[in-house]
Amino acid sequence: MMTKDFQPLHNASSIKATNSLAKHIGVDGSFLENISENINLHWRKGKTQKKQDGSLRLTNSGTLALKNIHKKINSKILSKVYYPNYLFGGLKNNPDGTNRNHVSNAKLHQGQRLIVSADIDGFFPSVTEPTIKNIWQGFSPFSPEVAALLTRLTCYQGKLPQGWGNSPYLAQLVFWKTEHILYEKLLQQDIEYSRYIDDFTLSTNRTLTKENLTQLFRRLATMCMQRGTKLKRKKCKVESKFQHQTINNLGVDSSRISISLEYRKNLRASIHRLNLKKNQLSPTEYVSERNSLQGKINYIRKLHPYQASQLQESLSK
């Protein structure tokens, strides 16, 4: 495998003028300029998500006009990029049909003696406008004028907004200059590497000393620092095959990938609570809660089909 296979590759032609960009993505030029100059008017509050630790994550949304532009940017530009196989999350399936989801990421490291994990602290808000402009102008073959327009369209208040359609793709390109170098060095040391948006996972069958591990975390921290981000020190961990290994909240051992028992128990309890109070809810409230639980059952079904069937039966009562 050549080094170029380790680095993201832009497949688009050079675009020098904003009217050429508008034509390329199929949008009227003056309309595109107007949206970019008034991006604050097109921002909308997104859904509030509950994290695994119980804290809340605020996301961003936008007007239909802005969402349509983001879809066109994805379709005509960002989805055409070559993303190396060590990148997971927010990407289309591979040509052979395999996924780039968190389960595939976990399987990559399954059965290894050591699994090393680290998270980026507040990733999306820490990715700033200059970093995004560097993607549009440094990584992409676009002129400063075009890069500035694309930056205005894909940033909000000087940051990468979590929840906007282009953000998962752009998140995968934040480290385009240096990540492939780190990946190749680790590969030469028999260390597997992957990144699921803002989660790093490294694994190996080697025995690593404390000094080796310190050096690994230092390399990750340096790469993050170069792009204005930083590791979440509390989330750095090392797990041996003699422990319960986890990746992206999935249990990993040599025989199977599993969703945590706590998650499954909590879902069963939530279904039970909904069944007890469904007569007290309005039809709209009931459907909303039921749909949310249905989505979680569908998630469990991928790895625990029998238990998902039991949960489905409980929800259908």
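See the structure shown above.
Quantities reported herein were computed from a predicted structural model and do not represent experimental measurements. (Residues numbered from 1 in each chain as written. Predicted model: local features only at pLDDT ≥ 70, side-chain atom pairs only at ≥ 80, totals over all residues. Heavy atoms only, no water.)

### Quick notes on the pattern of salt bridges
Inference 1: Taken as a whole, this structure holds 6 salt bridges when the rule is applied.
Inference 2: Among the ionic pairs, K235 bridges to D119, the shortest N-O distance being 2.9 Å. One end of the pair, K235, is in the loop between α10 (210–226) and β7 (237–240); the other, D119, is in strand β4 (residues 114–119), with 116 residues separating them in the sequence.
Inference 3: Overall, the relative accessible area of 39% leaves K235 in the partly exposed class.
Inference 4: Residue class for D119 comes out buried when judged on its relative accessible area of 14%.
Inference 5: Note that K277 and E289 form a salt bridge whose closest N and O atoms lie 3.4 Å from each other. Residue K277 is found in helix α11 (residues 261–277), and its partner E289 is found in helix α12 (residues 283–301); the two are separated by 12 residues along the sequence.
Inference 6: The class for E289 is partly exposed, based on a relative accessible area of 30%. (Salt bridge = Lys/Arg side-chain N within 4 Å of Asp/Glu carboxyl O. Helix = DSSP H or I, 4+ residues; strand = E, 2+ residues; numbered from the N terminus. Buried < 20%, exposed > 50% of the residue type's maximum accessible area, 1.4 Å probe, protein only.)

### Remarks on the side chain of R264
Inference 1: Examined against the element boundaries, R264 turns out to sit in helix α11.
Inference 2: Of the side chains with opposite charge, D253 lies nearest to the buried R264, which makes no salt bridge, at 9.6 Å. (Lys, Arg positive; Asp, Glu negative; His and termini not counted.)

### Section: the packing of α12 against helix α13 (residues 305–315)
Helix-helix packing is characterised by the crossing angle of the two axes and by the distance between the axes.
Inference 1: In the contact formed by α12 and α13, the axes pass within 8 Å of each other and the chain directions differ by 165 degrees. In terms of orientation, α12 and α13 fall into the roughly antiparallel class. As α12 packs across α13, the resulting crossing turns out to be left-handed. In contact with Y286, R290, L293, Q294, I297, I300 and R301 of α12, α13 contributes P305, A308, L311, Q312 and L315. (Axes fitted to C-alpha atoms, helices over the stretch in contact; angles between N-to-C directions. Parallel < 35°, antiparallel > 145°, perpendicular 65-115°, else oblique. Left-handed = near helix turned anticlockwise from the far one by under 90°. Contact = heavy atoms within 4.5 Å.)

### A word on the state of the cysteines
Inference 1: With the rule as written, the count across this model stands at 0 disulfides.
Inference 2: Among the cysteines around C155, which has no disulfide bond, C224 carries the closest sulfur, lying 18 Å off.
Inference 3: Of the cysteine sulfurs around C236, a residue in no disulfide, the closest is that of C224, at 9.2 Å.
Inference 4: Judged by relative accessible area, which is 21%, C236 ranks as partly exposed. (Disulfide = S-S within 2.5 Å.)

### Regarding the sheet that holds strand β9 (residues 250–252)
Inference 1: Read from one edge of the open sheet, 3 strands run β8-β9-β10, paired in antiparallel fashion. Both outer strands of the open sheet, β8 (245–247) and β10 (257–259), are each paired with one neighbouring strand and no more. The sheet shows a mean angle of 40 degrees between the axes of neighbouring strands, direction not considered.
Inference 2: The pairing of β9 with β10 spans 3 bridges and is classified as antiparallel. Counted as the bridge partner of V252 is I257 from β10. (Pairing = 2+ DSSP bridges.)

### Examining the pairing of β4
Inference 1: For β4, a buried count of 6 out of 6 residues is recorded, marking the element as mostly surrounded by other parts of the structure.
Inference 2: Neither face of β4 is exposed, since L114, V116 and A118 on one face and I115, S117 and D119 on the opposite face are all buried.
Inference 3: One ladder, built from 6 bridges, connects β4 with strand β6 (residues 199–204); its direction is antiparallel. Along β6, the bridge assignment pairs S117 with T201.

### Let's talk about the sheet that holds β7
Inference 1: Taking strand neighbours across the sheet as the criterion, the 5 strands line up as β3-β5-β6-β4-β7 in an open arrangement whose pairing is mixed. Every other strand in the sheet has two partners, leaving β3 (87–88) and β7 as the edge strands with one partner each.
Inference 2: In the sheet, strand β5 (residues 192–196) pairs with β6 via 5 bridges, with the strands oriented antiparallel. Across the sheet, Y193 pairs through a bridge with L202, a residue of β6.
Inference 3: Across the sheet, helix α9 (residues 179–188) touches β3, β5 and β6, and the angle it forms with β5 is around 150 degrees.

### A look at the packing of α11 against α13
Inference 1: One way to put it is that α11 packs onto α13 with a least axis distance of 9 Å and a crossing angle of 15 degrees. Taken together, the axes of α11 and α13 lie roughly parallel to each other. Relative to α13, the crossing made by α11 is left-handed. Here α11 contributes R264, L267, R268, I271, L274 and N275 to the contact with α13, which in turn contributes Q307, Q310, L311, S314 and L315.

### Observations regarding unusual backbone geometry
Inference 1: Here Q157, not a glycine, exhibits a phi torsion of approximately 55 degrees, which is positive.
Inference 2: Note that Q157 resides in the loop between α7 (144–154) and α8 (167–173).
Inference 3: With phi around 65 degrees, N249 is a residue other than glycine that occupies positive phi space.
Inference 4: Positionally, N249 belongs in the loop between β8 and β9.
Inference 5: Exposure remark for N249: the relative accessible area of 47% places this residue in the partly exposed category.

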